[in-house]
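Structure assessment
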Amino acid sequence: CRIKAENEMARCCGTADFELGRGEDCQQTKLSGTAQPTECATTCHHAGMAELCANSFGTSCTVDRTIFSNVDLKVTETFCVPEACDNGNDRDGLMAWYATLYASRLSGWHA
C-alpha cells in the first residue's frame, strides 16, 4: 500500500517528500502539461486480509485515512474489526486507538 500511496502523492503534488510526509502544490495534477484539479487518493484492498478477518476474527471493512497531517492524501484500506470490538463504544474509538498504538511502528508513514 505504501508504494501506491507514494505514487499517488508524487502524481498529485508539485513537490512530494513521502518519507518526511511533506507535499506542496497538492490537489492538482500536471500530467497533461497544465495544472488540473484532482483528488489525492488511492485504494489499498487486501482480499486475503479481508477473507482471513471475516473467517477468523470479526468484520472486514474499509477505512479512509489521511496518512500525513499536512498533506491531503486519502488512503482507503482494508481493516479488520475484531468481534470483541464490534460494538458502539469500542468501534467509535477503534481508529484513534489503532493510530496511537501503531503510529510508531509505521516507519515512513507518519511525520
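Presented here is a report on the structure given in the accompanying data block. Computed from a predicted structure; not experimentally measured. (Residues numbered from 1 in each chain as written. Predicted model: local features only at pLDDT ≥ 70, side-chain atom pairs only at ≥ 80, totals over all residues. Heavy atoms only, no water.)

1. A word on the sheet that holds strand β5 (residues 41–44)
- Sheet architecture is open: three strands sit in the order β5-β7-β6, paired in mixed fashion. What marks the edges here is a single partner per strand, and that holds for β5 and β6 (58–66). Each strand axis lies, on average, 30° off the axis of its neighbour in the sheet, ignoring direction.
- Pairing of β5 with strand β7 (residues 74–82), which is carried by four bridges, proceeds in the parallel orientation. Looking across to β7, one finds that T42 is bridged to V75.
- Of the strands in this sheet, β5 and β7 are in contact with helix α1 (residues 2–12), which crosses β5 at around 165°. (Pairing = 2+ DSSP bridges. Helix = DSSP H or I, 4+ residues; strand = E, 2+ residues; numbered from the N terminus. Axes fitted to C-alpha atoms, helices over the stretch in contact; angles between N-to-C directions. Contact = heavy atoms within 4.5 Å.)

2. Re the pairing of strand β1 (residues 13–17)
- Bridge count between β1 and strand β2 (residues 22–26): four bridges; the pairing is antiparallel. The residue of β2 that forms the bridge with C13 is C26.
- Counted between consecutive antiparallel strands, the loop separating β1 from β2 contains four residues, among which G21 sits at a positive phi close to 70°.

3. Some points on the environment of T62
- Among the secondary structure elements, T62 is positioned in strand β6.
- Residues T62 and A50 lie 12 residues apart in sequence; the distance between their C-alpha atoms is 9.2 Å.
- If sequence neighbours within four positions are ignored, T62 has contacts with T76 and E77.

4. Looking at the state of the cysteines
- Evaluated as defined, the whole model comprises four disulfides.
- A sulfur-sulfur separation of 1.9 Å characterises the disulfide bridge that pairs C12 with C40. Of note, the bridge from C12 to C40 carries an S-S torsion of about 120° and is right-handed in sense. With C12 in helix α1 and C40 in the loop between β4 (36–37) and β5, this residue pair connects regions lying 28 residues apart in the sequence. For the pair C12 and C40, one class covers both residues: buried.
- Looking at the protein chain, its bonded cysteines, counted consecutively from the start of the sequence, adopt the pairing 1-6, 2-5, 3-4, 7-8.
- Cysteine C61 is unpaired, with the sulfur of C53 as its nearest cysteine sulfur at 7.4 Å. (Disulfide = S-S within 2.5 Å. Buried < 20%, exposed > 50% of the residue type's maximum accessible area, 1.4 Å probe, protein only.)

5. Here we look at the packing of aromatic side chains
- Summed over all chains, the structure comprises two aromatic pairs.
- Judged by centre distance (5.1 Å) and plane angle (80°), the ring pair of F18 and F68 falls under edge-to-face. Highlighted residues: F18 in the loop between β1 and β2 and F68 in the loop between β6 and β7, separated in sequence by 50 residues. This pair shows no difference in class: F18 is buried, exactly as F68 is.
- Pairing F79 with Y98 gives two aromatic rings, centres 5.1 Å apart and planes at 90°, and the pair type is edge-to-face. (Phe/Tyr/Trp six-rings, centres within 6.5 Å; stacked < 30°, edge-to-face > 60°.)

6. Some points on the nonpolar core
- A5, M9, C12, C13, F18, C40, C44, I67, F68, V71, L73 and V75 together form the largest nonpolar core, which totals 12 residues.
- No other element matches the three residues that α1 contributes to this core.
- Setting aside residues no more than four positions away along its own chain, C44 makes contact with C1, K4, V75, T76, E77 and T78.
- If you look at the next biggest cluster of nonpolar residues, it comprises five residues, including V63, F79, L94 and Y98. (Core = buried A, V, L, I, M, F, W, Y, C linked by side-chain atoms within 4.5 Å.)

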